[in-house]
Amino acid sequence: MLVKMFLFEWRYFIRQPSFYVTSLIFFMLTFFATISDNVQIGGGGNVLYNGPFSIAQTLNILSLFAMFLVVNFVASTATRNDTSQMAEILYSKPINPLSYQLGRFLGSFAMVATVFAFVPLGIFIGTVLGGLTGWVDPERLGDTHLSYYFTAYFYLSLPTLLVLSCMFYAVAIRFKSMMAVYLVAVGFFILYTVAGQLFSDPEYRTIVALADPFGLNTFAEVTRYWTMFDKNNTAVELSGLLLQNRIIWFVAGALIMAVFGGFSRKVSLTKLKTNKKEQSLENELDENIINNRVNYKSQGITTAAHLALRIKFEIKQVIFSAPFLVLGALTIFALVAPLVDPRAMFGTPNWPITQAMVQLITNSTSTLILIVLAYYSAEIVWRERNSGMGDIIDSLPVSNITFWLSKIIAITLVMALLYVFGTSVTVFNQMIRGYDNFEIAQYAVRLGYINLIPLIMTAILAFFLQVLSPNKFVGMMLFVLYIISTIVLSNFGFSHNMFQFSGAPIVFYSDINTYGHFLESHHWYMLYWTGLSMILAALTYALWHRGPAQSVKVRFKKLGYYLGNSGKIAITIGLVVFIGAGSYIHYNTRVLNQYVIQDDFKDLQAEYEKSMLSTKMIIFQLSPKPMQR
């Protein structure tokens with residue numbers, strides 16, 4: 001059964017779109033990072049792109065983000081029987097729990113290892129192809145040694161992926177909920193980041209290197225005193241501190257799987273728990289049915305009433321739930337380390353002024369909010385269909401705008417409340433440190449307008465990608481691919497904010513000039529992206545999945561019908577606003593002024609330094625020499 005379950009998991013995932021999407025994302029990320037001088041994941045300085053240090057560092061950094069790859073494949077394997085409602089049929093067979101669970105785990109882990117193998121493959125093809133085409137400076141490339149790729153993959157990445165797989169498989173088996181696994185992953189990510197800040201002093205280096213499950217600090221400690229020659233010619237060796245770290249976490253992963261992996265107990269169905277309130281409501285419903293009492297009076301098709309009711313439902317499902325409370329706790333926890341141990345200038349901590357606190361909230365919650373957007377957009381859009389209630393709900397006389405708008409409001413409220421939690425923590429920190437100039441208006445403007453409005457537009461884009469996708473996992477991968485594309489494409493001449501969705505120039509703030517003229521440019525960019533967001537919102541409304549499953553092609557054929565006059569008017573207004581604001585921005589940034597991309601700016605800097613150097617040499621030659629005695 002072990003081999004059969006392994007092959008079953010392999011065949012199952014190899015047919016899923018998520019396998020090809022994730023593989024493409026990891027490959028393209030490292031490929032473009034290799035052929036572009038500006039996108040840099042590992043290396044730095046004069047380190048060769050295909051040197052052992054650069055390869056190992058890139059794989060180490062991406063192993064940190066591969067945690068969510070493990071959740072996608074390994075944890076979904078552990079919960080698939082319950083989510084697909086096949087547990088009753090499957091568990092009626094005499095199953096050996098050890099062979100069954102171990103086969104599923106190894107099959108899903110093999111898929112994770114295969115997907116992550118596209119990372120060194122992307123580096124290898126990027127260096128080879130970049131060297132042949134001239135995309136990469138020949139001075140940044142050395143001799144190609146396949147051993148550099150294999151040692152970094154098998155000594156650093158593969159053990160990390162195994163430990164993460166053991167951890168999240170055990171969590172999924174214990175809670176049988178993908179929501180719980182996602183929350184554990186986010187909490188583990190934040191805990192790892194905060195712990196790295198708290199224990200960054202030199203006396204903790206050895207302990208941190210041994211206790212690091214990702215091996216980032218371990219590799220940093222091993223290579224701390226490497227020369228540039230060592231970084232370009234010395235392959236990673238499984239010895240010393242690195243070997244001890246790998247043994248410690250291999251034993252930890254094995255213990256986690258042995259205790260919580262479900263190998264020793266028989267597989268069984270999940271017992272549904274109902275509280276007293278739900279039981280009383282169920283009994284009351286049964287009594288009403290028996291007595292033929294109907295307490296609901298239909299109000300007909302009323303969009304406003306349906307929208308209000310649906311908004312209350314979505315808020316209850318999203319806000320008043322344990323996952324959101326955990327996200328709030330993680331937001332507060334992410335601010336604890338920088339507030340308890342703030343960065344000091346010359347040994348003296350900075351005064352907790354409001355503009356510094358706002359920047360701290362933005363930096364601490366940026367990654368968490370992107371995860372919230374990727375995950376919540378998928379869960380909210382696909383909630384009815386994943387629960388098996390999609391066809392029933394879609395048969396109700398309710399407009400698509402009711403579903404779409406209520407879900408957008410719910411996810412907006414999640415992000416807004418996370419900012420509120422962060423604001424409460426920083427204001428409390430200001431109070432206990434004796435700072436009373438809170439400037440609440442600055443919190444509202446910088447977090448509510450400058451940061452939250454672009455995030456709402458990004459949520460609209462995430463909903464649009466989910467509506468186009470055949471399932472929520474493909475939609476999540478498309479959203480991640482969009483995030484990666486904003487990083488990569490900006491370094492290929494598309495760094496202008498007109499090409500970065502919901503992007504705008506940085507709004508600087510000072511006590512003397514406040515926002516100055518920077519806020520005016522932000523207004524125009526927000527107007528520009530509002531026009532495009534209106535178009536995406538109208539298309540999402542028209543393509544919203546109703547009734548039996550239909551392909552995107554079929555829904556596009558009926559696009560005009562579902563848009564109606566109101567949808568077409570919204571798209572027309574969005575186009576006018578988008579083109580009008582875009583023309584004004586283009587005229588100001590490209591016609592009246594000269595926009596310089598990052599590569600050209602560096603070239604100008606280099607030319608300026610050369611001209612200044614030549615000028616100094618001429619002055620030195622023409623200057624009179626001192627008389628010799």
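See above for the structure.
Residues numbered from 1 in each chain as written. Predicted model: local features only at pLDDT ≥ 70, side-chain atom pairs only at ≥ 80, totals over all residues. Heavy atoms only, no water.

Student: Can you walk me through the overall build of the protein in this structure?
Tutor: Counting its secondary structure elements, the protein contains 26 helices and two strands. In the protein, buried positions account for 44% of the 629 residues. Entry remark: accessible area of the protein is about 33600 Å², with carbon and sulfur atoms responsible for 66%. (Helix = DSSP H or I, 4+ residues; strand = E, 2+ residues; numbered from the N terminus. Buried < 20%, exposed > 50% of the residue type's maximum accessible area, 1.4 Å probe, protein only. Areas by Shrake-Rupley, 256 points an atom, 1.4 Å probe, with all protein chains shown as cover.)

Student: Explain the packing of aromatic side chains here, please?
Tutor: Two measures describe an aromatic ring pair: the distance that separates the ring centres and the angle between the ring planes. For the coordinates displayed, the defined rule picks out 23 aromatic pairs. Ring geometry for phenylalanine 508 against phenylalanine 518: centres 5.1 Å apart, planes inclined by 65°, an arrangement best described as edge-to-face. Separated by ten residues along the polypeptide, phenylalanine 508 in the loop between helix 22 (472-489) and helix 23 (518-543) and phenylalanine 518 in helix 23 bring together distant segments of the chain. The structure contains a cluster of three or more aromatic residues connected by ring pairs, namely Phe8, Tyr12, Phe13 and Phe73. The ring of phenylalanine 53 carries lysine 231 above its face, with NZ or CZ at 4.6 Å from the centroid. (Phe/Tyr/Trp six-rings, centres within 6.5 Å; stacked < 30°, edge-to-face > 60°. Lys NZ or Arg CZ within 6 Å of the ring centre and 35° of its normal.)

Student: What's the story with the pattern of salt bridges in this structure? I'm lost.
Tutor: Oppositely charged side chains can pair when the atoms bearing their charge come close. One pass over the full model with this rule turns up five salt bridges. Linking glutamate 9 and arginine 104 is a salt bridge whose minimum nitrogen-to-oxygen distance equals 3.8 Å. Of this pair, glutamate 9 sits in helix 1 (residues 2-14) while arginine 104 sits in helix 6 (residues 97-116); the two residues are 95 residues apart in sequence, bridging distant segments of the chain. On the basis of relative accessible area, arginine 104 is assigned to the buried category, the value being 2%. In this structure, glutamate 314 engages lysine 407 in a salt bridge whose closest nitrogen and oxygen atoms are separated by 3.0 Å. Taken together, the positions of glutamate 314 in helix 15 (residues 303-318) and lysine 407 in helix 20 (residues 400-432) put the pair 93 residues apart, joining distant regions of the chain. Judged by relative accessible area, glutamate 314 falls into the buried class, the value being 0%. Under the relative-accessibility criterion, lysine 407 is labelled buried at 0%. Each member of the salt-bridge network shares a partner with another, and the members are Arg310, Glu314 and Lys407. (Salt bridge = Lys/Arg side-chain N within 4 Å of Asp/Glu carboxyl O.)

Student: I'm lost on helix 1 in this one. Help?
Tutor: Because an α-helix completes one turn every 3.6 residues, residues spaced three or four positions apart along the sequence face the same direction. Taking 1.5 Å per residue as the helical rise, helix 1 with its 13 residues ought to reach 18 Å, and the 18 Å between its terminal C-alpha atoms agrees with that figure. Every buried residue belonging to helix 1 is among Met5, Glu9 and Phe13, and all of these are buried. Taken down its axis, helix 1 places every buried residue within 60° of arc, on the same side. Residues Val3 and Lys4 are exposed on helix 1 and point more than 90 degrees away from its buried face. (Expected span 1.5 Å × (residues − 1). Arc of directions from axis to C-beta.)

Student: When you look at the side chain of glutamate 9 in this model, what are you seeing that I'm missing?
Tutor: On the basis of relative accessible area, glutamate 9 is assigned to the buried category, the value being 0%. A polar side-chain atom of glutamate 9 sits 3.4 Å from a polar atom in the side chain of threonine 77. Not counting residues within four places of it along the chain, the set of residues in contact with glutamate 9 comprises Thr77, Arg80, Gly103, Arg104, Gly107 and Ser108. (Polar contact = N/O pair within 3.5 Å; in protein donor to acceptor, adjacent residues only side chain to side chain. Contact = heavy atoms within 4.5 Å.)

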